[in-house]
Amino acid sequence: MSARVTRKRARMEAEQAEEHVGSTSATESVDASTPDFERDEELWYEDGTIILVARGIGFKVYKGPLVDHSPVFKDMLSLPQPATTAAAPNCPVIPLPDSPADLRHVLRLLMPSKRIRLTGVQNASFVAVCACIRIAHKYQIDHLVEESLKYLRKFYPDTFDLFLKSRAKPLNPQYAVTVVNLARLTGATNLLPMALAECCRLGPALVLGIAQADGTREHLSPTDLALCFHAKDKLVEARVKAFAAMFNTLEDVRANVCDHQDQGAPDDEDFETVQTELLDGTVPGLCSPNVWDSLAARVLARIPEICKPCKKAVKSAELEQQKAIFERLPDLVGVVVEGWGKDPSGKK
């Protein structure tokens, strides 16, 4: 089944039950009989052919691009339009229940610009991309949804190769709540494992919700919140087991490869001390759901005299363990993702 078909089904399901959307900011209604609104400073074209009013903010834009890109707008605008007002003669006023900030991000992409736009969502901010997904999904601008989800995949990868690249540009963990809700909204299940794992790092904010720019708070659905509570223990357990395996590898290297009796080199007691300090919490970070945080870096920082074979063994062992955790991630966070860990060609 194609991702497009899945997302269209998800759209229908989202219309029936909005618990996965999480945000409280998109459910308000607009009184169509009230023409009063404040002009948007950016998106107000004097020769525009239609005015969209979102929560008291009016956008005077062009009907053509809306109809060309959105089947929903095409159907909506094919109906008899509300009467014009003295403030906007000969220009229909269409009330919408959407966040004006979200709507603005999408209209920026659809409408003519005074500046030449060489790229679309790929150079946009995280907030803008998420806004594009919410609005474009609702109004069935499918190509914009697809491009925006590709952007998110760079930060919430579904293959280990992409994961290694994403580590150079991590996002704020709080963004993961929005990503989980958008993945549920669109049916993009490939984003869920990494996003849910990130949510497990949030502590009280996971329950209290994440503050948004418009003053609302975004929450996970009760179902996803329960997944995170269960997944947190599993991720901590996986991290502790990975730590033990890393040290077992190091012991093998020290016994068979490393000449650790050289003068000035750390002896077995040094490694045992570091292991004990991590286990008892003297050096924090072991019992954490953040399975990607480097324990190897902590070990190497505590034993600066470590030889090259041992240093290489520590880093290689950690990478191997992280790969194993990544491959198990959907199971650890309680979701099913078809093709997890494989690129579009089917290779791992």
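Position labels on residues start from 1 in each chain and follow its written sequence. Restriction of local features to residues with pLDDT of at least 70 applies here, the model being predicted, together with a cutoff of 80 or more for giving and counting side-chain atom pairs; totals for whole chains, interfaces and linings are based on all residues. The side-chain values count all of the structure's non-hydrogen atoms but skip hydrogen atoms and water molecules.

Looking at an unreviewed UniProt entry, one finds the protein named BTB domain-containing protein and attributed to Lentinus brumalis.

## What to know about the state of the cysteines
Short version of the rule: Count a disulfide wherever a pair of cysteine sulfur atoms falls within 2.5 Å. Exposed residues in this analysis have more than 50% of their type's maximum accessible area, buried residues have under 20%, and partly exposed residues fall in between, with area computed by a 1.4 Å probe over protein chains only.
The final tally for this structure, using the stated rule, is zero disulfides. Distance from the sulfur of cysteine 310, which forms no disulfide, to the nearest cysteine sulfur (cysteine 307) is 3.5 Å. Residue class for cysteine 310 comes out buried when judged on its relative accessible area of 0%.

## Side note on the pairing of strand 3 (residues 57-61)
In plain terms, the rule: Put simply, DSSP H or I for four residues or longer makes a helix, DSSP E for two residues or longer makes a strand, and each gets a number counted from the N terminus. Following DSSP output, two strands are said to pair if at least two bridges run between them.
Most of strand 3 sits inside the fold, with five of its five residues counted as buried. Side-chain alternation along strand 3 places Ile57, Phe59 and Val61 on one buried face and Gly58 and Lys60 on a second face that is also buried. In the sheet, strand 1 (residues 38-44) pairs with strand 3 via three bridges, with the strands oriented parallel. Within the sheet, the bridge partner assigned to glutamate 38 lies in strand 3 and is isoleucine 57. Here five bridges tie strand 2 (residues 50-54) to strand 3, and the two strands are oriented antiparallel to one another. Pairing of leucine 52 across the sheet is with phenylalanine 59, part of strand 3. Connecting the antiparallel pair strand 2 and strand 3 is a turn made up of two residues, with arginine 55 showing a positive phi of about 50 degrees.

## Quick look at the pattern of salt bridges
Definition in use: Definition used for salt bridges: Asp or Glu carboxyl oxygen within 4 Å of a side-chain nitrogen of Lys or Arg.
Counting across every chain of the model gives 13 salt bridges. A salt bridge links arginine 153 to aspartate 158, with the shortest nitrogen-to-oxygen separation between them at 2.8 Å. For arginine 153, a relative accessible area of 24% gives the class partly exposed. Among the residues examined, aspartate 158 registers a relative accessible area of 11% and is labelled buried.

## A short note on empty space enclosed by the protein
Formally: Cavity means a closed set of points on a 1 Å grid over the protein atoms alone, one where a 1.4 Å probe fits but cannot get out, pocket means an open set with protein on both sides within 12 Å along at least 5 of 7 lines, and lining means a residue has an atom within 4 Å of a point. Grid points are joined across faces, edges and corners, and a volume is the space filled by probe spheres set on the points.
Applying the stated rule across the entire model yields two cavities of 30 Å³ or more. Taken as a whole, the largest cavity holds about 90 Å³ of empty space. Taken together, Arg239, Ala242, Phe243, Met246, Val291, Asp293, Leu295, Glu318, Gln321, Gln322 and Ile325 make up the full set of residues lining the largest cavity. Mapped onto the lining of the largest cavity, the elements with two or more residues apiece are helix 11 (222-256) and helix 14 (308-333).

## Quick notes on the nonpolar core
Quick note on the threshold: The criterion is simple. A nonpolar core is a set of buried Ala, Val, Leu, Ile, Met, Phe, Trp, Tyr and Cys residues joined through side-chain atoms within 4.5 Å. Reported domain spans reflect what an automatic or database domain assignment gives. Whether two residues touch is decided by their heavy atoms; if any such pair falls within 4.5 Å, the residues are in contact.
Counting 75 residues, the largest nonpolar core has Leu52, Val61, Leu66, Leu107 and Leu329 as its most contacted members. Formed jointly, this core draws a minimum of three residues from each of two domains, domain 1 (38-113 + 123-139) and domain 2 (233-333). When residues no more than four places from it in sequence are discounted, the contact partners of leucine 52 are Ile57, Gly58, Phe59, Val61, Leu66, Phe73, Ile94, Leu96, Leu103 and Leu107. One finds Leu250, Ile303, Ile306 and Ala317 within the second-largest nonpolar core, a separate group that totals 19 residues.

## Details of the sheet that holds strand 1
Here is the rule: Structural elements are reduced to axes, namely lines fitted to C-alpha atoms, with helices fitted over the stretch in contact, and the angle between N-to-C directions of any two is expressed from 0 to 180 degrees.
Spatially, four strands are ordered 1-3-2-4 in an open sheet, and the strand pairing comes out mixed. Each edge of the sheet is formed by a strand with only one pairing partner; in this case those strands are strand 1 and strand 4 (93-96). Strand-to-strand, the axes of this sheet are offset by a mean angle of 30 degrees, without reference to chain direction. On the sheet, helix 4 (residues 100-110) packs against strand 1, strand 2, strand 3 and strand 4 and is oriented at approximately 15 degrees with respect to strand 3.

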